[in-house]
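# Coordinate analysis (summary)
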Amino acid sequence: MTTHPDAVPRAPALRIRDLHKTYGNGVQALKGVSLDVAPGDFFALLGPNGAGKSTLIGIVSSLVNLSGGGVEVFGIDLAARRGDAMRQIGLVPQEINFNMFEQPLDILVNYAGFYGIPRAQAEQRAEAELRRAHLWDKARMMSRTLSGGMKRRLMIARAMMTAPRLLILDEPTAGVDIEIRRDMWRVLREINAAGTTIILTTHYLEEAESLCRNLAIIDHGTIVEQGPMRALLAKLDVEGFLFDIDGTLPATLPAIANATLAARDDHTLELDMPRAMNLNGVFDVLDAAGIRVRSMRTKSNRLEELFVRLTGQPGEAA
Ligand SMILES: Nc1ncnc2c1ncn2[C@@H]1O[C@H](COP(=O)(O)OP(=O)(O)O)[C@@H](O)[C@H]1O
Ligand SMILES: [Mg+2]
């Protein structure tokens, strides 16, 4: 394996601080984004179209100039030591961009040559990567004849030729059907299990849920949520209500199992409860405490609203 003497031990695979990007036309694509990705993580950057995902990936992979803030890759400052930082990264762009008239094996070997990897070593690596991508039997076919899923796996195999410690994929499965997506997921899981940190952008909650341990959600150039996938799913699984109360509330509120009840003001109660829970029991408890509910509304949930836009369905993850 390649060693990376430049990298700082135990530094985050990616550290982004207060990243800003304003394009020439005045669009503010990133408005102060900060995030850390731990070494070995499988991390999702989830967000709707236009959120700023590709801008962020573009900056990290040096395709886009930043307007403010900083990026470190395994402790290497991108602005100060661009070449060293870039050597840690493998990028899979959204669009298929290899020469369709070349053969997979040549595409990989030539790519490695471009990065100064000796030919014999490149050929060895190409075989290993084509095997991992389940493409070894297609090594000598014209790439044009590969299926859509195979072409995408070839893109991943190519990015892995430089043995990057951080593999970044920008919407690798946008617009491809579910079987092809699952095929790619399997390859990505294998790569991650072998020790490569992976960051992928997606607008599929299901994809992030299936693959990733940690995630950040970006919307309008701002991180709106960040943390373990599990914690996010738990948050999505909670539903909030506001009750307007007749009269005033008692000094002590009754307890409701598995839910939180709090007074927002003298006449309004706030309830957070698991989505699967039944409201009847809640009313029984309130009734017994002498609390009369005049009307109720659902509490707006920013996360929920975001997921309606992401998935077209509220609470799909629940
Ligand atoms: N080259 C560019 N010039 C001007 N505006 C851009 C450019 N690229 C992206 N944008 C704008 O920046 C915002 C974020 O875009 P992008 O990073 O591509 O989002 P995403 O990848 O999440 O869909 C959008 O409003 C988009 O129109
Ligand atoms: Mg994009």
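Every value quoted in this text rests on a predicted model; they were computed, and no experiment measured them. (Residues numbered from 1 in each chain as written. Chains lettered and ligands numbered in written order. Predicted model: local features only at pLDDT ≥ 70, side-chain atom pairs only at ≥ 80, totals over all residues.)

## Considering the packing of helix H3 (residues 104-114) against helix H5 (residues 148-159)
Viewed as axis vectors pointing N to C, H3 and H5 meet at an angle of 30°, and their least axial separation amounts to 9 Å. Classified by the angle their axes make, H3 and H5 are roughly parallel. The interaxial crossing formed by H3 with H5 has right-handed handedness. Within the contact between the two elements, H3 uses Pro 104, Ile 107, Leu 108 and Tyr 111 and H5 uses Leu 154, Ala 157 and Arg 158. (Axes fitted to C-alpha atoms, helices over the stretch in contact; angles between N-to-C directions. Helix = DSSP H or I, 4+ residues; strand = E, 2+ residues; numbered from the N terminus. Parallel < 35°, antiparallel > 145°, perpendicular 65-115°, else oblique. Left-handed = near helix turned anticlockwise from the far one by under 90°. Contact = placed C-beta atoms within 7 Å.)

## Overview of the sheet that holds strand S12 (residues 260-265)
With respect to topology, four strands assemble into an open sheet ordered S12-S13-S11-S14, the strand pairing being antiparallel. Of all the strands in the sheet, the pair left with one neighbour each is S12 and strand S14 (292-298). The mean inter-strand angle of the sheet, taken between neighbouring strand axes irrespective of direction, is 30°. (Pairing = 2+ DSSP bridges.)

## Re unusual backbone geometry
Even without being a glycine, Ser 62 presents a positive backbone phi close to 65°. Positive phi outside glycine occurs at Glu 171, with the angle close to 40°. The class for Glu 171 is buried, based on 22 C-beta atoms found within 10 Å. (Buried ≥ 20, exposed ≤ 12 C-beta atoms within 10 Å, placed from the backbone.)

## Some remarks on the domain arrangement of the protein chain
If you check the domain split of the protein chain, you get domain 1 (14-227) and domain 2 (237-311). If you average the C-alpha positions of domain 1 and of domain 2, the two centres end up 43 Å apart. (Domains from an automatic or database assignment.)

## Considering the nonpolar core
One recurring pattern in soluble globular proteins: nonpolar side chains tend to sit buried together. The biggest cluster of nonpolar side chains holds 71 residues, and the ones touching the most others in it are Ala 44, Val 73, Ile 168, Ile 199 and Leu 215. Here Val 73 is in contact with Leu 14, Leu 78, Ala 85, Gln 88, Ile 89 and Leu 166, once residues within four sequence places are set aside. Counting residues in each nonpolar core, the second largest holds eight residues, with Phe 243, Leu 271, Met 273 and Leu 286 among its members. (Core = buried A, V, L, I, M, F, W, Y, C linked by C-beta atoms within 7 Å.)

## A few points about the site of ligand 1
All residues in the neighbourhood of ligand 1 are listed as Tyr 23, Asn 25, Val 27, Ala 29, Gly 47, Asn 49, Gly 50, Ala 51, Gly 52, Lys 53, Ser 54 and Thr 55. Broken down by element, the residue count for the shell around ligand 1 peaks at three residues, all from helix H1 (residues 53-60). Split by residue class, the shell around ligand 1 holds four nonpolar, seven polar and one charged. (Near = placed C-beta within 6 Å. Nonpolar A, V, L, I, M, F, W, Y, C, P; charged D, E, K, R; others polar.)

## A short note on helix H4 (residues 119-132)
Its 14 residues place the ends of H4 20 Å apart at the C-alpha level, agreeing with the 20 Å of an ideal helix rising 1.5 Å per residue. What H4 keeps buried is the set Ala 122, Ala 126, Glu 129 and Leu 130. Taken around the axis of H4, the buried residues stretch over an arc of 95°, which confines them to a single face. Turned more than 90 degrees off the buried face of H4, the exposed positions are Ala 120 and Gln 121. (Expected span 1.5 Å × (residues − 1). Arc of directions from axis to C-beta.)

## As for the sheet that holds strand S6 (residues 89-92)
Read from one edge of the open sheet, six strands run S6-S7-S8-S3-S9-S10, paired in mixed fashion. Edge positions in the sheet fall to S6 and strand S10 (222-228), since each of these pairs with one other strand and no more. Averaged over all pairs of adjacent strands, the angle between their axes in this sheet comes to 15°, without regard to strand direction. As paired strands, strand S9 (residues 214-219) and S10 are joined by six bridges and run antiparallel to one another.

## With respect to the packing of H5 against helix H6 (residues 178-193)
Between H5 and H6, the least distance of the axes is 9 Å, while the angle of their chain directions is 25°. On the basis of the axis angle, H5 is roughly parallel to H6. In terms of crossing hand, the pair formed by H5 and H6 is right-handed. When H5 is examined against H6, the residues Gly 148, Gly 149, Arg 152, Arg 153 and Ile 156 are found in contact with a partner set consisting of Ile 180, Asp 183, Met 184 and Val 187. Its residues assigned to classes, the contact of H5 with H6 shows four nonpolar, two polar and three charged.

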